[in-house]
Amino acid sequence: MQTCLQDIRYHLSYLAESVSLKSRSLFEDYMSWVKSLLGSLGLPEEDMLINLQCMSEVLSRELPSEYAVIACEYLDKTRLEYKDIPLKAQESFLEGSPYAELARRYLQALLDGRRHEASRMIMEALEEGTTVKDIYLHVLQPSQRELGRLWQLNRVSVAQEHYCTAATQLIMSQFYPLIFREERKGLRLVAACPADELHELGLRMVSDLLELEGWDTYYLGPNVPLSGILRTVEERRPHILALSVTITYHVGEVLAVIEGVRSMAGTGDLKVMVGGYPFNIDKGLWKTLGADGWAPDAGEATVLAEKLVGV
Amino acid sequence: MNEVFPFLVIICDRNGWITRVVRDDAGLVAPFPLPRPFAAMVTGEERTKTVNLFSELRERGIALGWEFNLPMEGAIRTFHFYACAVGEEFLVAGAESEKQVTVLFQQMLEMDSGSINATLEAVRVLMARAKERSVRESDLYDQLTRMNNEMAAMQRELAKKNAALERMNEEKNRLMGIAAHDLRSPVSTIIVAGRFLLSALADRMSDAERDALHAIIRYGEFVIRLIDELLDISTIEAGRLELRLQDVELVRLVEEVAGLHRHLAEEKGIELAFAPPGEEIKVRADPAKIEQVLNNLLGNAIKFSPAGTLVKIEVSGDEDRATVAVSDQGPGIPPQELEILFTPFGTTSVKSPWGEKSTGLGWPLPAA
């Protein structure tokens, strides 16, 4: 019963975020994940349909009508289309990468707890002439995404996930002597994950890759309060502010930051770009939030940053 | 009886949800969060049958020999279940061999109800503890990751600042090199002009005027030396120092340098002693740089030695290495200041008895 209640709380927080962002696709994507999960637990589809109907009935009574209309529309459409919602069955992220073999060996080493060996593989690739950029985009990025996929499939433990991410952070820090030695070209970026977001590696990659391109990047990391981001923007006067979240119900925080910087004096030229899972699901979400651009991965983010400042 | 069968012993609530696992050899329930419907374990078409199992349990308090097909390791395996009510809950036991499960069930039923309740209570406490621990651990993992994230962000900031400092230092060296170079020629002109005046006006000057001119020349030479040392430091720090290596006879070189300093030492009442070894010592070196190093070492020794003391030079060597040692009887350097000795412009608390100035470059250069 408790689990059931917990599930409904999750459904409602995703619904609330989707309604406030007017993005039905975010809720649909979440429902697709729920459908896969319930299916793997062997729970009948009817349960979820009843659940959706109950939520709709209760919300139509309890919510102020302007919200109730949207919330019930999302719930009712999802219920009617539930049978046709595709299951989340992603392919492995490691296939198709030009360094698939290295990425596979790297992730396996980390999953086995052999971080020194994983680090050695990366350093050897670097010595053999692989660029930092290729390692980021074709080894570390797909490995992290694959790790997330395996976690969703319940094939890796929480401990393994945290270990692999920490090991990758450490390995990335070994690139710093290479990353920070490039000539500057007078472009500045401030990057931050707003709210209590634990997923910070993607944005760190974007910052490092732009630093490699000669940008001055100020990476604030995750869990930065709104005031901290605004203060840094004021101090550094960046050309671009990059924001990233993975959890859908953190998107509201991104909106708060964008509204915050837009209302600051002297930020007329500041461009804001956003990224992370919710933006990949709802391709128009960045516009809703008032951002200047969106990129689906670290590689495209560097291209977008240069485009936004007209390089 | 030798064959090992996997057992499943679980506690379910009255609605057929598994609330606790007592034994789960095959990992049928363990990977999933509890409570979990018993129906979730069986294949699709048998779900209604599980409803019937629990109806019977609720009605009669016992259900014996129910078969269910469970997907396990990619195959379907048939389990036999025996179940009975214990208080408000149901004890459900299952195994692939009916014989095994009846034996197990028999044993459990033979326990008096007090023992069963005590066992259940113990299981309940253990489960509650495990759940609490798992929640706590998950929270700790998140905390650890937060700390790690913060440290990673700080480390990145440090690495970035470090790189910026290195760049600024290189720029400083470059500017210092340019400034020193630009200063050198006007100061040279001052010295040349001073020397010219000294010889041209030799007969017409008072002693005070001659002293003043000497001071101009001496301080001019001091500034030139300072500039040359600055230029060397910036070259060395910028990593651009090139050595012009050639075959050098070390004993003769030391003798020449010592000769240049002997006069100054004698003026101060300091004895400069050099006893050359009987044989030549050939080394591969840049003679100008070796001379500069020796000049610094001897200059320092004479600068800090009081009158009436000895400055000793020793040269020795074999096939692999040659050593030139300069020792004096001056005050020495306090041990706690040895570290700053080799940093550019770092001067120690030791004062020259002759009131001479220190540039702070005398030691870093030979060390470089």
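Structure: see above.
Procedures and definitions
- Per chain, residues are indexed from 1 in the order of the written sequence.
- Labels are handed out in written order, letters beginning with A for the chains and numbers beginning with 1 for the ligands.
- In keeping with the model being predicted, local features are shown solely for residues with a pLDDT of at least 70 and side-chain atom pairs are shown and tallied solely at 80 or more, while totals for entire chains, interfaces and linings include all residues.
- For side-chain calculations, the full set of non-hydrogen atoms in the structure is used, while hydrogens and water are omitted.
- Secondary structure is summarised from DSSP: a helix means a run of H or I of at least four residues, a strand means a run of E of at least two, and numbering begins at the N terminus for each.
- For every residue, the accessible area (1.4 Å probe, protein chains only) is compared with the maximum for its type, and the residue is labelled buried under 20%, exposed over 50%, or partly exposed between those bounds.
- Between two residues, a contact is recorded if the distance between any of their heavy atoms is within 4.5 Å.
- Calculation of accessible area relied on Shrake-Rupley with a 1.4 Å probe; when residues are assessed, cover is drawn exclusively from the protein chains displayed.
- Take the residue count of a helix, subtract one, and multiply by 1.5 Å to get its expected span.
- Think of a patch as exposed residues, more than 30% relative accessible area, with no salt bridge, where like charges cluster within 9 Å and nonpolar side chains (Val, Leu, Ile, Met, Phe, Trp, Tyr) cluster within 5 Å.
- We define a salt bridge as a side-chain nitrogen of Lys or Arg found within 4 Å of a carboxyl oxygen belonging to Asp or Glu.
- Note: buried area is the sum, over both parts, of the accessible area (probe 1.4 Å) each one loses when the two are combined.
- Here a polar contact is recorded for every N or O atom pair within 3.5 Å, except that within protein the pair must consist of a potential hydrogen donor and a potential acceptor, and residues adjacent in sequence are included only if both atoms are side-chain atoms.
- Paired strands are those between which DSSP finds at least two bridges.
- The axes used here are C-alpha line fits, helices contributing only the stretch in contact, and every angle between their N-to-C directions lies in the interval 0 to 180 degrees.
- Oblique is the label for any angle not covered by the other classes, which are roughly parallel (under 35 degrees), roughly antiparallel (over 145) and roughly perpendicular (65 to 115).
- Each helix crossing is assigned a hand: it is left-handed if the near helix lies turned anticlockwise from the far helix by less than a right angle, otherwise right-handed if that turn is clockwise.
- Gly is put with the polar residues, along with every residue not named as nonpolar or charged; the nonpolar set is Ala, Val, Leu, Ile, Met, Phe, Trp, Tyr, Cys and Pro, and the charged set is Asp, Glu, Lys and Arg.

Q: I would appreciate a short explanation of the overall build of chain B in the present structure.
A: Scanning chain B for helices and strands turns up seven helices and 11 strands. The 368 residues of chain B split such that 35% are buried. The contacts of chain B with a sequence gap of at least 6 include a subset with a gap of at least 24, amounting to 56%. By element, 55% of the accessible surface of chain B is carried by carbon and sulfur atoms, the whole surface being about 21,900 Å².

Q: Please explain helix 5 (residues 100-111) of chain A as it appears in this structure.
A: Quick reminder: α-helices carry 3.6 residues per turn. Residues three or four places apart thus point the same way. Residues and elements named next belong to chain A. An ideal rise of 1.5 Å per residue puts 16 Å on 12 residues; helix 5 measures up with 16 Å between its terminal C-alpha atoms. Where helix 5 is concerned, the buried positions are Ala100, Leu102, Ala103, Tyr106, Leu107, Ala109, Leu110 and Leu111. Taken together, the buried residues of helix 5 touch helix 6 (115-127), helix 7 (132-152) and helix 8 (158-173). Gly113 sits one or two positions beyond helix 5 and adopts a positive phi of about 80°.

Q: Whenever I open this one, a nonpolar patch on the surface confuses me. Can you help?
A: Judged by side-chain polarity, Leu144, Met147, Met151 and Met154 of chain B come together as a nonpolar surface patch covering roughly 430 Å² of accessible area. For Leu144 of chain B, the location among the structural elements is in helix 3 (residues 113-200).

Q: Honestly, the interface of chain A and chain B in this entry has me stumped. Any pointers?
A: By convention, interface size is frequently given as the accessible area that disappears when the constituent parts associate. The interface of chain A with chain B comprises 32 residues on the first partner and 22 residues on the second. For the pair chain A and chain B, the summed buried surface comes to about 2,400 Å²; carbon and sulfur atoms form 52% of the total. Across the pair Asp208 of chain A and Arg156 of chain B runs a salt bridge whose closest N-O atoms are separated by 2.7 Å. Here chain A and chain B share 12 residue pairs in polar contact (both at pLDDT 80 or more) between them.

Q: I would appreciate a short explanation of the pairing of strand 8 (residues 271-274) of chain B in the present structure.
A: Residue and element names in this part refer to chain B. Only one face of strand 8 is covered, namely the one carrying Leu272 and Phe274; the face carrying Glu271 and Ala273 has none of its residues buried. Strand direction decides the pairing type here: strand 8 and strand 10 (residues 310-317), joined by four bridges, are parallel. Across the sheet, residue Phe274 finds its bridge partner in strand 10, namely Ile313.

Q: Which parts of the structure should I look at to understand the sheet that holds strand 11 (residues 322-327) of chain B?
A: Two pairing modes exist for strands in a sheet, parallel and antiparallel, and in both the strands are linked by backbone hydrogen bonds. All names here are of chain B. In space, the three strands of this open sheet follow the order 8-10-11, with mixed pairing throughout. Only two strands of the sheet have a single partner each, and these edge strands are strand 8 and strand 11. When the angles between neighbouring strand axes are averaged without regard to direction, this sheet yields 10°. Contacts from helix 5 (residues 250-267) reach strand 8, strand 10 and strand 11, with the element oriented near 170° to strand 8. Contacts from helix 6 (residues 287-304) reach strand 8, strand 10 and strand 11, with the element oriented near 20° to strand 11.

Q: Can you walk me through the packing of helix 6 of chain A against helix 8 of chain A in this structure?
A: The geometry of a pair of packed helices is captured by two quantities: the angle between their axes and the separation between those axes. Residue and element names in this part refer to chain A. Between helix 6 and helix 8, whose axes approach to 10 Å, the crossing angle comes to 40°. When the axis of helix 6 is compared with that of helix 8, the two are oblique. Crossing geometry of helix 6 relative to helix 8 is assigned as right-handed. When helix 6 is examined against helix 8, the residues Arg115, Ala118, Ser119, Ile122 and Met123 are found in contact with a partner set consisting of Tyr163, Ala167, Leu170 and Ile171. Residue composition of the contact of helix 6 with helix 8, by class: seven nonpolar, one polar and one charged.

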